[in-house]
Amino acid sequence: MATAWIKYIDLKPNLNQAVAIAASPGLRSVGILSLEYLIHKLKAKLFAELYSAHFPVVYETAPSYSTQPRVYGCIGVLVDTGEVKIPSVKFYIYDNIVLVRGYQANFHGQWEVAEETVSLLQDIGVRRIIALAAYGVEGSQICIAAVREDLIKEFSSKYMVNAGYKGPLMGFTGLILGLAYIKNMDALCLLSRTTPNPEDPEDPDPKSAQILTGKIVEILGLNIDLSDFMDVVSRRLTHIDKS
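Notes on the structure follow.

Scoring rules and cut-offs
- Residues numbered from 1 in each chain as written.
- Predicted model: local features only at pLDDT ≥ 70, side-chain atom pairs only at ≥ 80, totals over all residues.
- Heavy atoms only, no water.
- Salt bridge = Lys/Arg side-chain N within 4 Å of Asp/Glu carboxyl O.
- Helix = DSSP H or I, 4+ residues; strand = E, 2+ residues; numbered from the N terminus.
- Buried < 20%, exposed > 50% of the residue type's maximum accessible area, 1.4 Å probe, protein only.
- Phe/Tyr/Trp six-rings, centres within 6.5 Å; stacked < 30°, edge-to-face > 60°.
- Pairing = 2+ DSSP bridges.
- Contact = heavy atoms within 4.5 Å.
- Axes fitted to C-alpha atoms, helices over the stretch in contact; angles between N-to-C directions.
- Parallel < 35°, antiparallel > 145°, perpendicular 65-115°, else oblique.
- Left-handed = near helix turned anticlockwise from the far one by under 90°.
- Nonpolar A, V, L, I, M, F, W, Y, C, P; charged D, E, K, R; others polar.

Moving on: the pattern of salt bridges. For the structure shown, the criterion picks out 14 salt bridges. Between Asp-10 and Lys-45 there is a salt bridge, and its shortest N-O distance comes to 2.5 Å. Of this pair, Asp-10 sits in the loop between strand E1 (4-8) and strand E2 (18-23) while Lys-45 sits in strand E3 (residues 45-52), and the two are 35 residues apart along the sequence. Take Asp-10: its relative accessible area is 28%, and that puts it in the partly exposed class. Judged by its relative accessible area of 48%, Lys-45 is partly exposed. We note a salt bridge from Lys-215 to Glu-218, for which the minimum N-O separation is 3.1 Å.

The following block contains the structure:
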């Protein structure tokens, strides 16, 4: 029985050779900070949400992307004065760009959530998925991981980014790359170097996120002035959680 489902809030887009930018709570929150900033600056419009019976509101593992089979997390909703938030993956649109704010499912729901996410993107006309994340080993400030060698060569030639990370890419971000590979889509991940914080792996690193944002803005050819990045991010940090 399916435990993940999609709700369209606005008309289902019909795109042509579109690009999706995706991130989820992860190492030093670098990817999700970058994505949140792009959503804010582009005034991207929310058009769909993906819900799952496997989205915890309280995680019993730390970090949230390091799930374990016997640890389900606490299921529920987030409440505030006059407001209830149900955990979801959120899909935004700006021109021919889809922005995907991921959510970490527990171990038993991660694959289904990633599959539903990639299927939606493929269905609406996305050709290429670019995930945003961080890595915590020595190397270039920005590096790339991709599902095919020709993508590495393309980005190395055009944008001066090279492969520099080998190892696991965990959680939502890693799985959408894997599912995109299975579905024969272009998929890659831009990773910005950061310093891991073992006591709080998701502790935000805005400086690394700003560098990552500058590179994705260059790749997408967007006219965005990043001079307000730190101000915008500092105002939004209270919203950068696992919701």
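Summed over all chains, the structure comprises eight aromatic pairs. Taking the centre distance of 4.6 Å and the plane angle of 50 degrees together, the rings of Tyr-37 and Phe-229 count as tilted. Residue Tyr-37 is located in helix H1 (residues 30-42), and its partner Phe-229 is located in helix H6 (residues 229-236); the two are separated by 192 residues in the primary sequence. One exposure class covers both Tyr-37 and Phe-229, and it is buried.

Quick look at the pairing of strand E10 (residues 126-135) now. Counting buried residues in E10 gives nine out of 10 residues, a clear majority hidden from the surface. Here E2 pairs with E10 via five bridges, running parallel. Paired with Ala-18 across the bridge in E10 is Val-126. For E10 and strand E13 (residues 186-193), the ladder comprises eight bridges, and the chain directions are parallel. In the sheet register, Ile-129 faces E13, and the bridge partner there is Ala-187.

With that settled, the discussion passes to the sheet that holds E2. If you walk across this open sheet you meet the nine strands as E1-E3-E8-E9-E2-E10-E13-E11-E12, and the pairing is mixed. Across the chains shown, the open sheet's two edge strands, defined by having one partner strand only, are E1 and strand E12 (162-163). Where strand E11 (residues 142-146) lies against E12, two bridges are found, and the strand directions are parallel. What sits directly across from Cys-143, in E12, is Asn-162. Against the sheet, helix H2 (residues 110-123) makes contact with E1, E2, E3, strand E8 (89-94), strand E9 (97-101) and E10, and its axis sits at roughly 150 degrees relative to E3, the strand it touches most. In this fold helix H3 (residues 149-159) packs onto E10, E11, E12 and E13, with an angle of close to 155 degrees to the strand it touches most, E11.

Contact geometry of helix H5 (residues 206-220) with H6 gives a least axis separation of 11 Å together with a crossing angle of 125 degrees. It follows that H5 is oblique to H6 by the angle criterion. Crossing hand, H5 versus H6: right-handed. Contacts between H5 and H6 involve Pro-206, Lys-207, Ala-209, Gln-210 and Thr-213 on the former and, on the latter, Phe-229, Met-230 and Val-233. For the contact of H5 with H6, the per-class residue count stands at five nonpolar, two polar and one charged.

Any link to function would need more than the numbers given here.
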